[in-house]
Amino acid sequence: MKMKSLLVLIGGALISIITITTAQAQMPQADVDTNALKIYRATPPKYFDLINTKLDVRFDYKKCFMYGKEWVSMKPHFYPTDTLRLDAKGMDIHEISVVEGGKNIPLKYVYQDSLSLFIHLDKVYHNTESFTVYIDYTAKPNQLKDHHGSAAINDAKGLYFINPDGKDPNKPIQIWTQGETESSSAWFPTIDKPEQKTTDEISMTVPAKYVTLSNGRLASQKLNGDGTRTDTWKMELPHSVYLFMMAVGDFKIYHDTWHGKDVDYYLEPKFAPYAKQIFGYTPEMIDFYSKTLGIDYPWNKYDQIVVRDYVSGAMENTTATLHGEQVQQTGRQMIDSYYDTDDQQVDIAHELFHQWFGDYVTCESWSNITMNESFADFSEMLWAEHKYGKDMGDAHSYLALREYLGSPDAKEKDLVRFHYADKEDVFDVVSYQKGGRILNMLRNYLGDAAFFKGLNIYLKTNAFKNGEAQQLRLALEEASGLDLNWYFNQWYYGAGNPDLDISYKWDEGTKTEKVYLKQTQDGKAFILPFAVDVYADGKKVRYKEWMRDKADTLSFASNSKPDLVNVDGDKVLLARKKDNKTTDEYVFQYFNAPLFLDRFEAIDALGKDQSNKGAQKVLVAAIKDKFYELQIKAIKALDISNDAIHNAALPVLASVAQTDVNTLVRAAAIKKLGDLKASGNMDIFKQALSSQSYAVQGAALSAINKLDPAEALKLAKGFEADNMGDLTVALVEIYAKTGGDAEWPFVYSNFIKARPQEQFNIINEFAAMTGHVKSPEYAQQGIEALRSDGVKYKKYGVGGLVIGLLQNIKTERTKVNDAASAKAADDAIAAINAAK
Ligand SMILES: [Zn+2]
């Protein structure tokens, strides 16, 4: 599963990372239950092995019911038994029988709490005997919560009816499912644990105008003569029940292929023209991952579908990945899409890799979710590296590291998580971002050949079965011949990360460079292998070092004082670093050390010392760095009020603003030029308005707004019909500053429909306009929108910010004697204060 994630950036400062998993998306996060945390979350006992699951289902769009008939075949796992327990959430059960000789023999059962079916079988079965249970039932996903309201059921419905009565003209009518973690049992009775694997066959009877999708192959389609059609999908290889899926709706299918296997993309008809642009990398990715892992894509086909109102980011259902609507973009939007600033390709890579790590070999229990999610996270950087080069892979990896380090309670949690309050909690920055970095460090330590050989052994050994971290350790040990117990104990069965302090001293007398290393975190020392590169006398010498204690000193002999000592030369350590290098060393590092992070660290440090000539040289050179994210970083860092920088950077910025191939770099340069408020640049800005890139247009319009607000207001009108992303932000800025009540409906409707991150991009402007619109009705609309955001996102640390904005609004409304709106602002503040 890919989480929805959101970096809350306000004024460029990272406030918080919002990640939303299935359960959180639907209900307010309860306080962590400390008693629940004490429970040891073992792998559930396996009394039965599922063998095959056959379903025959019809949908009632009016009631949002699903009428199901199920034939589930299984056998006892080891011990003989006559009692079967199945998970079945909130259903009406009409009949349960055992099928023998073509006849249904009714069975006695108890349906406990509308959660568990305890079925008394007709005899004691041994593990050499399989049997089939028939169940006639009605699934009622929308009533799950009303029905129970108990803590045992989170309100993950499993089966979702979107706009079932067709009343919303802006939304298609769709049905789709979401199994992970244990919600498949809301639409068919099963043993809803990841350790169960079964083949399946699903027959869906649907209105004939719709398309269906499920796992495996479409075995048959039959028109029923009553306006319905029955599609039968067969999944002939075993997979876990949480990976079962169905989708029904008006989708256009774009056919693609890899090595003779169907690779299809299902989109809403209006996005179908962009199918190839959105998903077209998939066959190349399948090829790359197949080769990297030494195992060809293991399933019969690979489909991807995009649905509305999805509850998370995306889900790796076997052979049928489901994406949220965020991947559905137009051609113009995709002009500004780059890996890292383009979630769709990252999502596509992530879910595809799960087809091996998650679907082919599945985590044994939710405690071992790292066996799915850390790999999928890691795959995002693998693809970036392969497709766009090492800088892109490293940049993606570093972003993930920062997300982990920036998450306050993440360092308390083990990667293999035997204690959690709710199983949804394991979908977090530890299982994803940190786990991905732990794998990358391991890859660096073992070397690519041994590491990927180990993954190959793990996948082959556990194919169509389950795995836990120990099985990965054994596979990697087999491949490399090295003991890895220490590594797994430290990183998989332990928590936290080292905080490294690094300082340097040259001793001219002994011709020795000393490097002082300290681990300043609480608790014990981490064992860290890493490379140290010593740059001296025009060459680089690499040393392999180990740090085993909380403090250590390394010594390097050198003919002259090194220009640079680069600890963690491969830049893979999962650590928070305080590196006490000098400005000269960072200047040298930018121009001589090879990696993304070498240059990133240099720009970061030198941005704080812009009076230094060397720093100026680096920052100006970095405007044309070979990697776009560093270009943008340098452009943002430039202090153009400094004359030397201004003079050196200006021609470079002007050229980059007009000609850089990357639209985000162009936009950043235009924005920087805009800060100068120099009318000489007006031509550059006006010319940029004709770009197809929303980012470039938005930056140009903002820059014009700084020079000539009246002109910007006039120009803005021309973009109201077609705007997205940064262009929308620019329009809102302009209207909030210069516009009046006539512009409010545009600003308001764009704020309301924006995604959370986009809302926070424009929240200051939106609040300012709420303060100064004439109409009290408009002001109260704005206040209500801010109240809603403040309450919803308070848990991510934005409560204070929104309250501050509301206080300003109250002051403004009071000034114009709008008592009703001032009171509304007060009420909104109270509501945010009262929210959890
Ligand atoms: Zn995932």
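Being a predicted model, the structure only gives us computed values, none of them experimental.

Calculation notes
Residues numbered from 1 in each chain as written. Predicted model: local features only at pLDDT ≥ 70, side-chain atom pairs only at ≥ 80, totals over all residues. Heavy atoms only, no water. Donors = N, O, S within 2.8 Å, 3.2 Å for Na, K, Ca; no water. Helix = DSSP H or I, 4+ residues; strand = E, 2+ residues; numbered from the N terminus. Buried < 20%, exposed > 50% of the residue type's maximum accessible area, 1.4 Å probe, protein only. Axes fitted to C-alpha atoms, helices over the stretch in contact; angles between N-to-C directions. Contact = heavy atoms within 4.5 Å. Nonpolar A, V, L, I, M, F, W, Y, C, P; charged D, E, K, R; others polar. Phe/Tyr/Trp six-rings, centres within 6.5 Å; stacked < 30°, edge-to-face > 60°. Lys NZ or Arg CZ within 6 Å of the ring centre and 35° of its normal. Core = buried A, V, L, I, M, F, W, Y, C linked by side-chain atoms within 4.5 Å. Pairing = 2+ DSSP bridges.

Engineer: When you look at the coordination of the zinc ion in this model, what are you seeing that I'm missing?
Structural biologist: The textbook angles at a metal center are 109.5 degrees for a tetrahedron of four donors and 90 or 180 degrees for an octahedron of six. With distances of 2.0 to 2.5 Å, the protein atoms coordinating the zinc ion are Met1 (N), Met1 (O), His350 (NE2), His354 (NE2) and Glu373 (OE). As a motif over one chain, the donors of the zinc ion read M-x348-H-x3-H-x18-E. With histidine 350 in helix α7 (residues 343–354) and glutamate 373 in helix α8 (residues 370–388), this pair connects stretches of sequence that are 23 residues apart. One exposure class covers both histidine 350 and glutamate 373, and it is buried.

Engineer: Before we go on, may I ask you to explain the packing of helix α21 (residues 694–707) against helix α22 (residues 709–717) in this structure?
Structural biologist: Interhelical geometry of α21 versus α22 gives an angle of 145° and a closest axis separation of 6 Å. For the pair α21 and α22, the contacting residues are Leu701, Ile704, Asn705 and Leu707 in the first and Pro709, Glu711, Ala712, Leu715 and Ala716 in the second. Of the residues that constitute the contact of α21 with α22, the class distribution is seven nonpolar, one polar and one charged.

Engineer: What's the story with the packing of aromatic side chains in this structure? I'm lost.
Structural biologist: The relative placement of two aromatic rings is captured by the distance of their centres and the angle of their planes. As enumerated under the stated definition, the model contains 58 aromatic pairs in all. Ring plane angle 50° and centroid distance 6.4 Å describe the contact between tyrosine 487 and tryptophan 491, whose orientation is recorded as tilted. With a gap of four residues between them, tyrosine 487 and tryptophan 491 both fall in helix α13 (residues 485–491), about one helical turn apart. Tyrosine 487 gets classed as buried once you look at its relative accessible area, which sits at 2%. The buried category is assigned to tryptophan 491, whose relative accessible area is 1%. Judged by centre distance (5.8 Å) and plane angle (20°), the rings of tryptophan 744 and tyrosine 748 are stacked. Linking tryptophan 744 with tyrosine 748, this pair stays in helix α24 (residues 744–753), spanning four residues, or about one helical turn. For the cation-ring pair, lysine 54 lies above tryptophan 71, with the distance from its terminal atom to the ring centre recorded as 5.0 Å.

Engineer: Whenever I open this one, the nonpolar core confuses me. Can you help?
Structural biologist: A general feature of soluble globular proteins is that nonpolar side chains tend to end up buried together. In terms of nonpolar packing, the biggest core is built from 250 residues, with Phe59, Tyr137, Leu472 and Tyr492 touching the most fellow members. With residues near it in sequence (within four places) discarded, tyrosine 492 still touches Thr370, Asp414, Leu415, Val416, Ile438, Leu439, Ala469, Leu472 and Tyr487.

Engineer: Whenever I open this one, the sheet that holds strand β5 (residues 81–87) confuses me. Can you help?
Structural biologist: Across a sheet, paired strands are connected by hydrogen bonds in the backbone, their directions being either parallel or antiparallel. The antiparallel open sheet is built from three strands, whose spatial order is β5-β9-β8. Unpaired on one side and paired on the other, β5 and β8 (108–112) mark the two borders of the sheet. Neighbour-to-neighbour, the strand axes of the sheet open up by a mean angle of 25°, direction not taken into account. Of the pairings in the sheet, the one linking β5 to strand β9 (residues 116–125) comprises six bridges and is antiparallel in character. From the neighbouring strand, threonine 83 faces β9, where its bridge partner is histidine 120.

Engineer: Honestly, the sheet that holds strand β22 (residues 320–323) in this entry has me stumped. Any pointers?
Structural biologist: Strand order across the open sheet formed by five strands is β18-β19-β20-β22-β21, with mixed pairing between neighbours. In this open sheet, the two edge strands, each paired with only one partner strand, are β18 (252–258) and β21 (314–315). Of the pairings in the sheet, the one linking β21 to β22 comprises two bridges and is antiparallel in character. In the sheet register, methionine 315 faces β22, and the bridge partner there is leucine 322.

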